[in-house]
Amino acid sequence: MLDKYEALLTKEQIEERIREMGRQITQDYQGKSIHCLCILKGAFIFMADLVRHVDAPITCDFLTISSYGDLTHSTGVVKLLTDLTVPIDGRHVLVVEDIVETGLTLKYLLENLHTRQPASVRVCSLLHKPEGKQVEVPIDYCGFVIPNKFVIGYGLDDKQYERNLPYIGVVDTPDEDAENSGA
């Protein structure tokens, strides 16, 4: 059952890239503590693996933000569903996202976070789909640039299913439905 989709990125490719990203983050945050902010639900597996490869003091928090719901394309309306549990003023925040596509969700989130007076905010995204970009957003750490295909697995879902796949798979969809459940 776990291999029913064409693999775009294998488990091994993902693991190696996350190790590399962890080393870069460790280097960039040397001497600082990091407050990792996981964007639920899609980034939970990515963040769990990533923080194990970062050699720095880390705290974690989670929020839920959506512009997709159960659709496979953005509605254009961004909703903050679950907010942070601790203040971030004066902290070095690392936003951990599963996928950046249109940039609308991330733009909204970054604007919101900056009003909370963090020391810094950087973005770490496992995937980036530049073909779907509607607004410019910074991605400080990018795992993979991928084509405009609907992808699932490794935390990414199809109507809340398939998050448990250990790889990133491609779902065959009509062209007009080739967007993903990410931001």
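Thresholds, definitions, all that
- Residues numbered from 1 in each chain as written.
- Predicted model: local features only at pLDDT ≥ 70, side-chain atom pairs only at ≥ 80, totals over all residues.
- Heavy atoms only, no water.
- Pairing = 2+ DSSP bridges.
- Helix = DSSP H or I, 4+ residues; strand = E, 2+ residues; numbered from the N terminus.
- Right-handed = clockwise from strand over helix to strand, strands pointing away.
- Buried < 20%, exposed > 50% of the residue type's maximum accessible area, 1.4 Å probe, protein only.
- Phe/Tyr/Trp six-rings, centres within 6.5 Å; stacked < 30°, edge-to-face > 60°.
- Lys NZ or Arg CZ within 6 Å of the ring centre and 35° of its normal.
- Contact = heavy atoms within 4.5 Å.
- Polar contact = N/O pair within 3.5 Å; in protein donor to acceptor, adjacent residues only side chain to side chain.
- Disulfide = S-S within 2.5 Å.
- Axes fitted to C-alpha atoms, helices over the stretch in contact; angles between N-to-C directions.
- Core = buried A, V, L, I, M, F, W, Y, C linked by side-chain atoms within 4.5 Å.

Chemist: Sorry, what's going on with the pairing of strand β3 (residues 58–66) here?
Modeler: Consecutive side chains of a regular strand alternate in pointing toward one face of the sheet and then the other. Sheet topology note: the strand β2 (residues 34–40)/β3 ladder contains seven bridges and is parallel. From the neighbouring strand, His35 faces β3, where its bridge partner is Thr59. Handedness of the crossover is the feature at issue here: the chain leaves β2, passes through helix α2 (residues 44–51), returns alongside β3, and the resulting connection is right-handed. Pairing of β3 with strand β4 (residues 79–82) involves three bridges; the strand directions are antiparallel. Bridging from a neighbouring strand, Thr64 pairs with Thr82 of β4.

Chemist: It is not clear to me how the pairing of β2 should be interpreted in this structure. Could you clarify?
Modeler: Most of β2 sits out of view: six of its seven residues are buried. Here four bridges tie β2 to strand β5 (residues 92–100), and the two strands are oriented parallel to one another. Following the sheet pairing, His35 is matched in β5 by Val93.

Chemist: Even after reading the chapter, I still don't get the packing of aromatic side chains, so can you show me in this structure?
Modeler: The relation between two aromatic rings is expressed through the spacing of the ring centres and the mutual angle of the planes. For the coordinates displayed, the defined rule picks out zero aromatic pairs. One residue, Arg122, lies across the ring of Tyr29, its end atom 5.0 Å from the ring centre.

Chemist: Where do I start with the environment of Glu162 in this structure?
Modeler: Secondary-structure assignment places Glu162 in the loop between β8 (151–152) and β9 (168–170). For the pair Glu162 and Ile152, spaced 10 residues apart in sequence, the C-alpha separation works out to 6.3 Å. With residues up to four places along the chain from it excluded, the contact list for Glu162 reads Lys4, Tyr5, Ile152, Gly153 and Leu156. Reaching out from Glu162, the side chain makes a polar contact with the side chain of Tyr5 at a distance of 2.9 Å.

Chemist: Looking at this model, I keep getting lost on unusual backbone geometry. Mind explaining?
Modeler: Excluding glycine, most residues fall at negative phi; most peptide bonds, likewise, are trans. Cis rather than trans, the peptide bond between Leu40 and Lys41 has omega equal to 10°. At Tyr154, a position not held by glycine, the phi torsion is positive, near 50°. Tracing the sequence through the fold places Tyr154 in the loop between β8 and β9. At Gln160, a residue that is not glycine, the phi angle is positive and equals roughly 80°.

Chemist: Please explain the state of the cysteines as it appears in this structure.
Modeler: Here a disulfide denotes a covalent bond joining the sulfur atom of one cysteine to the sulfur atom of another. Under the defined criterion, the tally for this structure stands at zero disulfides. Here Cys60 is not cross-linked by a disulfide; its sulfur's nearest cysteine counterpart is in Cys36, at 5.2 Å.

Chemist: Looking at this structure, I do not really get the sheet that holds β3. What am I missing?
Modeler: Strands belonging to one sheet form pairs held by backbone hydrogen bonds; the direction of such a pair is parallel or antiparallel. In spatial order, the strands read β4-β3-β2-β5-β6-β7; together these six strands make up an open sheet with mixed pairing. With partners counted over all chains shown, the strands left at the sheet margins are β4 and β7 (141–145), one partner each. Between one strand axis and the next, the sheet turns through 30° on average, direction left out of account. Packing against the sheet, helix α1 (residues 11–28) makes contact with β2, β5, β6 (120–128) and β7, and its axis sits at approximately 160° to β7. Together, β2, β3, β5 and β6 form the strand contacts of α2, whose direction differs from that of β2 by roughly 155°.

Chemist: Just to check I follow, could you spell out the nonpolar core for this structure?
Modeler: Side chains of a nonpolar character, in soluble globular proteins, are inclined to be buried together. If you look at the biggest cluster of nonpolar residues, it comprises 29 residues, and the most contacted ones within it are Ile25, Phe46, Leu50, Leu94, Leu127 and Ile168. When contributions to this core are tallied by element, the ones reaching two or more residues are α1, β2, α2, β5, β6, β7 and β9. Leaving out residues up to four positions away in the same chain, Ile25 has contacts with Ile34, Leu50, Val54, Leu94, Cys124 and Tyr141.

Chemist: It is not clear to me how the sheet that holds β9 should be interpreted in this structure. Could you clarify?
Modeler: Strands sit in the order β1-β9-β8 across an open sheet of three strands; the sheet is antiparallel. With partners counted over all chains shown, the strands left at the sheet margins are β1 (6–9) and β8, one partner each. Pairing between β8 and β9: two bridges, direction antiparallel. Among the inter-strand pairings, Ile152 is bridged to a residue of β9, identified as Gly169.

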